[in-house]
Amino acid sequence: MRANSGKLSPNHLQAAHAMPEERVAEETLTLEQRNRELGILYAATSLLAEQVPMETLCQNFLDHIKSALGADAGAVRLYMPESQKLYLVTYEGVSEQFVARESELDCGECLCGEVIESGRQAVFDTAAPPRGMKLGACIREGFATATAFSILHGKQRLGVYNLYYRQTHPISSQERNLLETLGQHLGVAIENHRLKSREMELAVSEERNLLAQELHDSIAQGLAFLNIEVQLLQDSLHKGRYDEALQTAGQLREGVQESYDDVRELLVHFRTRILQSDLDSALTSALEKFEGQTGIATRFERIGSGAPLAPANEIQIMHIVQESLSNIRKHARASNVYLTVRRRPGQTEIEVRDDGIGFDTENEPNVHSERHVGLKIMRERAHRIGGELRIVSRIGAGARLLLSLPRAAREEGGVCHE
């Protein structure tokens, strides 16, 4: 038996050369798959970052993955814990009959109900589903492969989304992982959308509460005064005291005008919409209107510069300044009003000063007075945007309102709540 010479045969050499080529081809294919997955993920993330209604968000997501994964149809369903049902939010490529049957599903019902209950993904050929799994709607629709993946936010199950294929379509393990990840991305976007909606609802509710408080504490007081004056007028007329009746009628006219002015100011407050970085223009406009209506001279001064405030903060600042001007009009008997905005990095201060009769901030005689109510409302508004409101005044020496916003209340740092 001859010893092996150590030389490779031609077949061995060909195999040795082929192995690196096969590995290169495999690695190239793997890289292509990963690049494709990253592209799908990147595009989905961009779509989910858009500020659009919930239905549009889900529809854009579905259109993207349906096209990227070559599906014939798809659907997105959201879960409502209160009813323990899945509701069809958006769909593509299915019939009206399918939509009618699948618009609402119980937990545990059909493919999607099983997935929301178990939290596991599902990929089935409708011709041979697992025992006990009912896929009647999918079969009647003519789908050969049906899939369902959870929409998750952390451990919270928010819903299920589906891809359907009319021809048998195997889903690789890499694609399953990708679809699971996409479900998590959609879950984060949906939860963020819900949080923003709740924040907006809370803001609207708080603003309505403030409006109701202002109506009750200012307008209602005016109407109560008018009611008393009407009774006095009737009494004077009944007793034939016409001079007294004329005097009461004059007071009534003044009271009606005062209530009208209050209502007009409230409407201006709640119609205010300020473009970002345009607070100075809005303040200038408010002063011009105030001067035109009252004849009181105004002066506006800007000191320093800084980054713009968040639009929501600017709106509250406008309401505070307008309420301050309203108090000056009603109570101060001022000849001049000075508004100053001081800006420096991390701090904004607004000062409203008048040269009127002033008042005793320590021992105000009536804590339920209209002025007291206005100050209370202004402090609540300042607190909502993380600011501090101070009133400095004494009898015979005018009044100063100082509103300070710290760094935490600036746009880059979010809204600070004390």
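Structure shown above.
Residues numbered from 1 in each chain as written. Predicted model: local features only at pLDDT ≥ 70, side-chain atom pairs only at ≥ 80, totals over all residues. Heavy atoms only, no water.

Some points on the sheet that holds strand E7 (residues 297-304)
Taking strand neighbours across the sheet as the criterion, the five strands line up as E7-E8-E9-E11-E10 in an open arrangement whose pairing is mixed. Edge positions in the sheet fall to E7 and strand E10 (388-393), since each of these pairs with one other strand and no more. The average undirected angle you get between the axes of adjacent strands in this sheet is 10 degrees. Where strand E9 (residues 347-354) meets strand E11 (residues 399-405), seven bridges bridge the pair, whose relative direction is antiparallel. The partner of Asp 354 across the bridge, within E11, is Ala 399. Packing against the sheet, helix H9 (residues 311-332) makes contact with strand E8 (336-344), E9, E10 and E11, and its axis sits at approximately 15 degrees to E9. (Pairing = 2+ DSSP bridges. Helix = DSSP H or I, 4+ residues; strand = E, 2+ residues; numbered from the N terminus. Axes fitted to C-alpha atoms, helices over the stretch in contact; angles between N-to-C directions. Contact = heavy atoms within 4.5 Å.)

So, empty space enclosed by the protein
This structure, assessed with the given rule, holds two cavities of 30 Å³ or more. Computed from the structure, the largest cavity encloses a volume of approximately 200 Å³. Asn 327, Ile 328, Asp 354, Phe 359 and Ala 399 are the residues nearest the centre of the largest cavity, which is lined by 18 residues in total. With five residues, H9 is the largest single contributor of residues to the lining of the largest cavity. Of the residues that constitute the lining of the largest cavity, the class distribution is 10 nonpolar, five polar and three charged. (1 Å grid on protein atoms, 1.4 Å probe; cavity = no way out; pocket = protein on both sides within 12 Å on 5 of 7 lines; lining within 4 Å. Points joined across faces, edges and corners; volume = space filled by probe spheres on them. Nonpolar A, V, L, I, M, F, W, Y, C, P; charged D, E, K, R; others polar.)

Points about unusual backbone geometry
Of note in this structure, Gln 84 is not a glycine but carries a positive phi near 55 degrees. By the element assignment, Gln 84 lies in the loop between strand E1 (73-80) and strand E2 (85-92). Of note, the phi angle at Arg 333 is positive, near 55 degrees, even though the residue is not glycine. With respect to the secondary-structure elements, Arg 333 resides in the loop between H9 and E8.

A word on the packing of helix H8 (residues 279-294) against H9
Here H8 crosses H9 at 20 degrees, and the two axes come no closer than 11 Å. By the criterion of interaxial angle, the relationship of H8 to H9 is roughly parallel. Crossing of H8 against H9: the hand is right-handed. Touching Leu 279, Ala 282, Leu 283, Ala 286, Leu 287, Phe 290 and Thr 294 of H8 are Glu 314, Ile 317, Met 318, Val 321, Leu 325, Ile 328 and Arg 329, all from H9. In the contact of H8 with H9, the residues fall into 11 nonpolar, one polar and two charged. (Parallel < 35°, antiparallel > 145°, perpendicular 65-115°, else oblique. Left-handed = near helix turned anticlockwise from the far one by under 90°.)

Looking at helix H4 (residues 110-118)
Along H4, the residues that are buried comprise Cys 110, Leu 111, Cys 112, Gly 113, Val 115 and Ile 116. Gly 119 occupies a position one or two residues after H4 and carries a positive phi of about 80 degrees. (Buried < 20%, exposed > 50% of the residue type's maximum accessible area, 1.4 Å probe, protein only.)

Looking at the side chain of Lys 66
Tracing the sequence through the fold places Lys 66 in helix H2 (residues 54-68). Buried charged residue Lys 66 carries no salt bridge. Nearest counter-charge: Glu 92, at 5.5 Å. (Lys, Arg positive; Asp, Glu negative; His and termini not counted. Salt bridge = Lys/Arg side-chain N within 4 Å of Asp/Glu carboxyl O.)

Quick notes on the pattern of salt bridges
With the rule as written, the count across this model stands at 12 salt bridges. Here Lys 85 makes a salt bridge to Glu 104, at a shortest N to O gap of 3.4 Å. Here Lys 85, found in strand E2, pairs with Glu 104, found in strand E3 (residues 104-106); they are 19 residues apart in sequence, far enough to count as distant. For Glu 104, a relative accessible area of 39% translates into the label partly exposed. Here Asp 280 and Arg 302 are joined by a salt bridge, their closest N and O atoms 3.8 Å apart. In this pair, Asp 280 sits in helix H8 while Arg 302 sits in strand E7, placing the two residues 22 residues apart along the sequence.

Side note on the pairing of E9
Summarising burial for E9: six of the eight residues are buried, a large majority. As defined by bridge partners, E8 adjoins E9 across eight bridges and the pair is classed as antiparallel. Paired with Arg 342 across the strands is Glu 349, a residue of E9.

A few points about the sheet that holds E1
Across the sheet, six strands lie side by side as E3-E2-E1-E6-E5-E4; this open sheet has antiparallel pairing. The sheet is open, and its two edges are formed by E3 and strand E4 (122-125), each paired on a single side. Neighbour to neighbour, the strand axes of the sheet diverge by 25 degrees on average, direction disregarded. Where E1 and E2 come together, seven bridges link them in antiparallel fashion. Each residue of the ladder has a partner; that of Val 76, found in E2, is Thr 90.

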